[in-house]
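Residues per chain are reported as follows:
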Amino acid sequence: MANEYLKKIKRFRILVMGRANAGKTTILQRVCNSTDKPEIFDGKGDKYFQRGYHDIQNELVFQSNPGFVFHDSCGFEAGSTQQFDQMKHFVADHAVTTRVNERIHAIWFCIPMTDSHRTVTAAERKFFNECDTGHVPVIVLVTKVDALYLTAIRELLDGGLKIAEAKARATEKQGELLEKWFGYVKHELDMCKFPPKGYVSLNKMHEEDADCTALMECTANVLNEEGLQRLLISTQQSSIGICIKYAVNK
């Protein structure tokens, strides 16, 4: 019965969440090997021509890889009760809908390092304490890791180093900062009522040849059905290596 249900699923559907300017669209472009903006369709499948997309029900599809369907929470922030309730209703409905091709299969929750001292805000805590996503796994994407390079430079200069020496040690310091803040995010969210199923850090997503392998592997590893794993692996175009790995393991 489960196999028959999975055979009916044609596209892998992901809800992308996080505060504004978390790099969400850029990540989706890298995943779909595209530099174009996505096409937008309303809940009825009709193309949406109005500039911007501010409805979580809208489907975002890239022509380069129409096997992925994305939904955007449009800058999830604390304080907006209406927006939170709309998101919560969407998750509850699309996690268990009998319309199998409208079900979401994973949630990517983006937390940027552009403001590393605000990694876990009231918005993140509210979501992970109040939103039960059921069998749909949530993966935290620590984004814009590149921003920690400038933070590293500043901290090294504040520590008394000359600019040349600070630059020479900046990459190592950036790694230390990422480990620190990544660990902090994981510690804080793991204590919530509905913690994430996985965590991954993403670097240099603004580059067209950015590597999304870690994101695809993390997402595949937390899916609770082998059929969905196969659908994700066959849909993604980021890494032939992942396809080979799962073919061998399965």
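Residues numbered from 1 in each chain as written. Predicted model: local features only at pLDDT ≥ 70, side-chain atom pairs only at ≥ 80, totals over all residues. Heavy atoms only, no water.

Caption draft 1: A look at the environment of Phe41. The residue Phe41 is located in strand E2 (residues 39–41) in this model. With relative accessibility at 19%, the residue Phe41 sits in the buried group. Aside from chain neighbours lying at most four places away, what touches Phe41 is Asp46, Lys47, Tyr48, Asn58, Glu59 and Val61. (Helix = DSSP H or I, 4+ residues; strand = E, 2+ residues; numbered from the N terminus. Buried < 20%, exposed > 50% of the residue type's maximum accessible area, 1.4 Å probe, protein only. Contact = heavy atoms within 4.5 Å.)

Caption draft 2: Structural view of the packing of aromatic side chains. In total, this model carries nine aromatic pairs according to the counting rule given. Ring geometry for Phe12 and Phe68: centres 6.2 Å apart, planes at 85 degrees, overall edge-to-face. Residue Phe12 is located in strand E1 (residues 12–18), and its partner Phe68 is located in strand E4 (residues 65–72); the two are separated by 56 residues in the primary sequence. One exposure class covers both Phe12 and Phe68, and it is buried. Between the aromatic rings of Phe109 and Phe127, the centroid separation amounts to 5.2 Å while the plane-to-plane angle is 45 degrees, which identifies the pairing as tilted. Of the two residues, Phe109 is situated in strand E5 (residues 106–112) and Phe127 in helix H4 (residues 122–130); the sequence distance between them amounts to 18 residues. Residue class for Phe109 comes out buried when judged on its relative accessible area of 0%. Following the ring pairs from residue to residue traces out a cluster consisting of Phe12, Phe62, Phe68, Phe70 and Trp108. (Phe/Tyr/Trp six-rings, centres within 6.5 Å; stacked < 30°, edge-to-face > 60°.)

Caption draft 3: Local environment of unusual backbone geometry. Of note, the phi angle at Asn33 is positive, near 50 degrees, even though the residue is not glycine. Residue position: Asn33 is located in the loop between helix H2 (24–31) and E2. Assessed through its relative accessible area of 44%, Asn33 is described here as partly exposed. At Lys144, a position not held by glycine, the phi torsion is positive, near 50 degrees. You can see Lys144 is positioned in the loop between strand E6 (138–143) and helix H5 (147–158). Using a relative accessible area of 32% as the deciding quantity, one classes Lys144 as partly exposed.

Purely spatial values, then, with no claim about function.
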